[in-house]
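Single-letter residue listing:
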Amino acid sequence: MRVFNVNKAMGLASSGVEYAQAYRRDVLAGIPWVDDYYVFTDYMPTNPSVFADRLGFDRAQVRWVYDVVAGRETAPCTVTVDELLTWVTQPHTVTSTGPGLTEVALTGTGLRYRVRTLDGGLVDRVETVAGDRLVRVDHYDRTLHDVEHFHEDRLVRRVVYTPDGRVAAEQLYRDGEITRTLVTPASPLHESAGVRRRGPSSFRGDVVVEGRSRFFQLVFRHLLSRPDDVVVVDRALDVIDGIYPVVGDHRLYSVVHAEHFDLKQVEDGVLLWNNHYENVFTRPDLVDGLVVSTQRQKEALDAHLGSSIPVACIPVGVAAPPGAHPAYDPFALVTASRLADEKHLDLLVRAVAAARDRVPGVRLDIYGEGNREHVLAVVDQTQTRDCVRLMGHQTLGGVLGTYALYVSASTSEGFGLTLLEAMAEGLPLVGFDVDYGNRELVEPGVNGMLVPHTSTDDDVAALADAVVRLLTSGSLDAMRAASLRKAEAYSATHVRERWEALLSEEAAC
């Protein structure tokens, strides 16, 4: 059985959805009759192998749609700047303007090449600039992958190449949206596209599809070539409409990673769904089931959807087997997330500033990438440069257990992978009293504390009070032991059993 897990993209500040897929990959690897693949649909301007490697994906399991179109494997960049410069035959001057950027000015033309490089000086892309206008971007892996053409700084055309340099497809754009895709006979999609339309000579008998959804339909029609193929959609918005028309008899599941309500509001007695899942909820006849990560959300969805669609509860994370109990800093707090507004890291920084007045020596390390400037601005406002550190993206296995507490100010966690990762290393947890992951993973007074969420300044005081109370309680060791006990329910074996039940032949009948 092949399982295609569909997501929109990976990136520098990948969200919990991508990390959930990485955990799923580890779980499915233990099911011998499953071959799992990870399909990414959005155009990614940086070579996707960079993010696949960072997240621990096997490149052979990654199916980026633009690689599928071109018959390519996910491959790293191998072209060096020196090699690229040998291709520039016109007189030019070369300047290095900083890490990851080399500029090449063509003498007497007004044209410049901005060469964007990855680690090791390998070429990721080359931007052609005329005056102050971006006119073209060439993207590379082992060879030229694709070329983007711009008019007045707007993308108007993309050409995708096969590994041997033939044109596989051309896409036309308007206002950032795909308007037409031309697939040539050099693309593996050509033969599986069905009806062809022969147009003017410029089309060369290509397959022509209109719009974004039709383009995705073409890709998924090609991918879903075996009768037992299964599709698991991790981000339904802007993706699911490209799968519905071609899924046929293949099973289709949608994972609900976040709150399914729109801010828990009801308008004129009608539930307002989260727009990321509205398409799925309103067409339950086209989906074989939903997958949620907590029992609390399963119960909520069962109550609202009735029997119209099955809901399976499968945790998105896996707790690592407990290791030796590490020594920890009794004043050190940790959190890990994207540096994004919805994670409310500013509240944590302010809470640390308030807590250290009562517990000298308290400090906070923040792991993750994103909008560093916003977080640093709050650090400066609170004068906490000496006790708040931005640690960037790091592998946290074996690291979290060296801290005293895991703290979170997020109010919209469907599960909270980092909560589980911290719990699996024995950390007590502090967070807001909100659904779903916080209430499922935190047992107040046993392995942490939940504080009221009011959306006022009281939130900072409540977080600070919880931190002070736990750090001075004398019960950290008991709470660490409780976290380790609770983590046992999320072992790889238990999670794998749930996926096996969902994907098995019995579940399909």
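Data block above holds the structure.
A brief look at the structure comes next. Since the structure is predicted, the reported quantities are computational estimates derived from the model, not experimental observations.

**Observations concerning the side chain of K343**
Stage number 1. Among the secondary structure elements, K343 is positioned in the loop between β20 (332-336) and α9 (345-355).
Stage number 2. Among all residues touching K343, those that are not within four sequence positions of it are S337, R338, A409, S410 and E413.

**Some details on the sheet that holds strand β2 (residues 35-40)**
Stage number 1. In spatial order, the strands read β3-β2-β1-β14-β15-β18-β19; together these seven strands make up an open sheet with parallel pairing. In this open sheet, the two strands that pair with only one neighbour each are β3 (62-64) and β19 (311-313). On average, adjacent strands in this sheet sit at an angle of 25° to one another, irrespective of strand direction.
Stage number 2. Relative to strand β14 (residues 230-233), strand β1 (residues 2-7) runs parallel, the two being bridged by four bridges. Looking at the pairing, N5 lines up with V232 of β14.

**Some thoughts on the environment of E259**
Stage number 1. With respect to the secondary-structure elements, E259 resides in the loop between β15 (251-255) and β16 (261-267).
Stage number 2. Sequence-wise, E259 and Y277 are 18 residues apart; in three dimensions their C-alpha atoms are separated by 9.5 Å.

**With respect to unusual backbone geometry**
Stage number 1. Of the consecutive residues D435 and Y436, the connecting peptide bond is found in the cis state with omega at 0°.
Stage number 2. Of note, Y436 is situated in the loop between β24 (429-432) and α12 (437-441).
Stage number 3. Within the chain, S455 stands out as a residue other than glycine whose phi angle is a positive 60°.
Stage number 4. Counting through the fold element by element, S455 comes out in the loop between β25 (448-451) and α13 (458-471).

**Focus on the packing of α9 against helix α10 (residues 372-381)**
Stage number 1. Direction vectors running N to C along α9 and α10 enclose 20°, while the axes themselves pass 9 Å from each other. Overall, the two elements α9 and α10 adopt an arrangement that is roughly parallel. As α9 packs across α10, the resulting crossing turns out to be right-handed. Across the interface between the two elements, L345, D346, V349 and R350 from α9 touch H374, V375, V378, V379 and Q381 from α10.

**Section: the side chain of N47**
Stage number 1. Within the secondary structure, N47 is located in the loop between β2 and α2 (48-55).
Stage number 2. In contact with N47, other than residues within four places in its own chain, are A75, P76, C77, D124, Y140 and D141.

**Considering the nonpolar core**
Stage number 1. In terms of nonpolar packing, the biggest core is built from 110 residues, with F57, Y66, I243, L252, L290 and W499 touching the most fellow members.
Stage number 2. Ignoring any residue separated from it by four or fewer positions in sequence, one finds F57 in contact with M10, E18, Q21, A22, R25, Y38, F40, A52 and V62.
Stage number 3. Among the nonpolar cores identified, the runner-up in size contains 39 residues, and A351, V359, V362 and L405 belong to it.

**What to know about the packing of aromatic side chains**
The description of two aromatic rings rests on the distance between their centres and on the angle between their planes.
Stage number 1. The full count for this structure, using the stated rule, is 12 aromatic pairs.
Stage number 2. With centroids separated by 6.1 Å and ring planes inclined at 80°, the aromatic side chains of F40 and F57 adopt a geometry described as edge-to-face. In this pair, F40 is assigned in strand β2 and F57 in the loop between α2 and β3, connecting sequence segments 17 residues apart. Accessibility assignment for this pair places F40 and F57 in one class, buried.
Stage number 3. Their ring planes at 80° and their centres at 5.3 Å tell us that Y43 and Y66 sit as a pair that is edge-to-face. Placement of the pair is Y43 in the loop between β2 and α2 and Y66 in helix α3 (residues 65-70), with a sequence separation of 23 residues.

Reading the values: rules and limits
- Residues numbered from 1 in each chain as written.
- Predicted model: local features only at pLDDT ≥ 70, side-chain atom pairs only at ≥ 80, totals over all residues.
- Heavy atoms only, no water.
- Helix = DSSP H or I, 4+ residues; strand = E, 2+ residues; numbered from the N terminus.
- Contact = heavy atoms within 4.5 Å.
- Pairing = 2+ DSSP bridges.
- Axes fitted to C-alpha atoms, helices over the stretch in contact; angles between N-to-C directions.
- Parallel < 35°, antiparallel > 145°, perpendicular 65-115°, else oblique.
- Left-handed = near helix turned anticlockwise from the far one by under 90°.
- Core = buried A, V, L, I, M, F, W, Y, C linked by side-chain atoms within 4.5 Å.
- Buried < 20%, exposed > 50% of the residue type's maximum accessible area, 1.4 Å probe, protein only.
- Phe/Tyr/Trp six-rings, centres within 6.5 Å; stacked < 30°, edge-to-face > 60°.

The analysis is restricted to geometry; functional conclusions fall outside its scope.
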